[in-house]
Structure formats: structure tokens, C-alpha cells
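Observations on chain architecture
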Amino acid sequence: MSHEGIRIVNAEQARREDTEHEQMPASSVTPVKVRVKKTEGTGVEIEWQDGHRSVWSFAWLRNACPCATCHEDRETTGRLPGEAKAKGQTLLKMYEAPVKPLEVTPVGKYALKFKWNDGHESGIYSWEYLRRVCHCESCLAKRGL
């Protein structure tokens, strides 16, 4: 008997994964207004049909990229969506340009796609994904974070 595909996870990770797979009401994942503040360089704001409002900085969104490569890297390092990678310590800090999108395009009526200034452009940020990773106080409290 093979045990391939079996993963052992802790209770917190199991709860988080269960929450990720719960069906969300349509009003929770349907945006009424989407503002991508590319010119200001600040981030994305979404007003949802159920009255909720979500706000993300571009840096947070880049660190929460939903593509398979970024998702796998976060799982391997134990980071949550939006958490930056740990940087190695050096004597001199190197300048790093702030994260910003070079292009933002809608994907059908269900998502946004960013082309980031670091060359990355694989992630498709669906409305459902964005609502699930909302990091306002009430959403974090519901997820127990």
C-alpha cells in the first residue's frame, strides 16, 4: 500500500485549509467597485456586494501571489499570504525598488492579473481569493488569526 499524497498537518493548518474550501456566498465574492491605485502606487480597494470593504497594498498582494510557485514557496517556508520572505542579513542594505504593478488587467469577470516590476506575472487574483485573503480586523478574527 502506497502512502503517497498523505500529508500530516497540525490542527491550525487543517482548520485553515478547511476554511479555504468553504463555499462563500455570491454577495461576498462579487465586487461592486474595484479601485486599482496604480498611479498613486498604493494598492487595491474593493467594495463587495455584501457591504464589506477590503484594502491591500501592492507589496502585500505581491507577497500573496496565488500562482503555484509562490503558493508552494509559502507552504514550504510556513508563511501566510501577504507575509514577505525573510531576507538574509548583510552588512550593507541594498536598495530595492518598491513593489508595484507595471500592468493590471481584468481576467474575464472573475479576477485581476498583475505584471509586477520584479518580472513576475503568473498569479491570477480571483475575487474569491481576494476576499479569502482580506486582512481587515474582522476577517482576520473570523479566520482566528
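Note that the structure is a prediction, hence the values are computed from the model and not measured. (Residues numbered from 1 in each chain as written. Predicted model: local features only at pLDDT ≥ 70, side-chain atom pairs only at ≥ 80, totals over all residues. Heavy atoms only, no water.)

1. A word on the packing of aromatic side chains
As enumerated under the stated definition, the model contains five aromatic pairs in all. Centroid distance Phe-58 to Phe-114: 6.4 Å. Interplanar angle 70°. Geometry classified as edge-to-face. Taken together, the positions of Phe-58 in helix H2 (residues 58–63) and Phe-114 in strand E5 (residues 111–116) put the pair 56 residues apart, joining distant regions of the chain. We note that Phe-58, like Phe-114, is buried. With 6.2 Å between their ring centres and 70° between their planes, Phe-58 and Trp-116 make a pair best called edge-to-face. Placement of the pair is Phe-58 in helix H2 and Trp-116 in strand E5, with a sequence separation of 58 residues. Take Trp-116: its relative accessible area is 1%, and that puts it in the buried class. Through a chain of ring-to-ring contacts, the aromatic side chains of Phe-58, Phe-114, Trp-116, Tyr-125 and Tyr-129 assemble into a single cluster. (Phe/Tyr/Trp six-rings, centres within 6.5 Å; stacked < 30°, edge-to-face > 60°. Helix = DSSP H or I, 4+ residues; strand = E, 2+ residues; numbered from the N terminus. Buried < 20%, exposed > 50% of the residue type's maximum accessible area, 1.4 Å probe, protein only.)

2. Here's the deal with the nonpolar core
Side chains of a nonpolar character, in soluble globular proteins, are inclined to be buried together. With 21 residues, the main nonpolar core has Val-44, Ile-46, Trp-56, Leu-61, Phe-114, Tyr-125 and Leu-130 as its most contacted residues. Where this core is concerned, the elements lending two or more residues are strand E2 (43–48), H2, E5 and helix H4 (127–132). (Core = buried A, V, L, I, M, F, W, Y, C linked by side-chain atoms within 4.5 Å.)

3. Considering the pattern of salt bridges
Side-chain pairs of opposite charge can arise where the charged atoms are in close proximity. In the structure shown here, the tally under the stated rule is nine salt bridges. Where Glu-47 meets Arg-35, a salt bridge forms, and the shortest distance between an N and an O atom there is 2.9 Å. Here Glu-47 is found in strand E2, whereas its partner Arg-35 is found in strand E1 (residues 31–37), with twelve residues between them in sequence. Overall, Glu-47 belongs to the partly exposed group, its relative accessible area being 28%. Take Arg-35: its relative accessible area is 27%, and that puts it in the partly exposed class. A salt bridge links Arg-53 to Glu-45, with the nearest nitrogen and oxygen atoms 3.2 Å apart. By relative accessible area, which is 44% here, Arg-53 ends up partly exposed. (Salt bridge = Lys/Arg side-chain N within 4 Å of Asp/Glu carboxyl O.)

4. Looking at the sheet that holds strand E4 (residues 101–107)
Across the sheet, which stays open at both edges, the three strands sit in the order E4-E5-E6 with antiparallel pairing between neighbours. In this open sheet, the two edge strands, each paired with only one partner strand, are E4 and strand E6 (124–126). Direction aside, neighbouring strands of the sheet carry axes that sit 25° apart on average. In terms of strand pairing, E5 meets E6 through three bridges, oriented antiparallel. Paired with Leu-112 across the strands is Tyr-125, a residue of E6. (Pairing = 2+ DSSP bridges. Axes fitted to C-alpha atoms, helices over the stretch in contact; angles between N-to-C directions.)

5. Quick word on the state of the cysteines
Under the defined criterion, the tally for this structure stands at zero disulfides. Free cysteine Cys-65: the closest other cysteine sulfur is in Cys-67, separated by 3.7 Å. Classification of Cys-65 as buried rests on a relative accessible area of 0%. Unpaired in terms of disulfides, Cys-67 finds its nearest cysteine sulfur in Cys-70, a separation of 3.6 Å. Residue Cys-67 is classed as buried on the basis of its relative accessible area of 8%. (Disulfide = S-S within 2.5 Å.)

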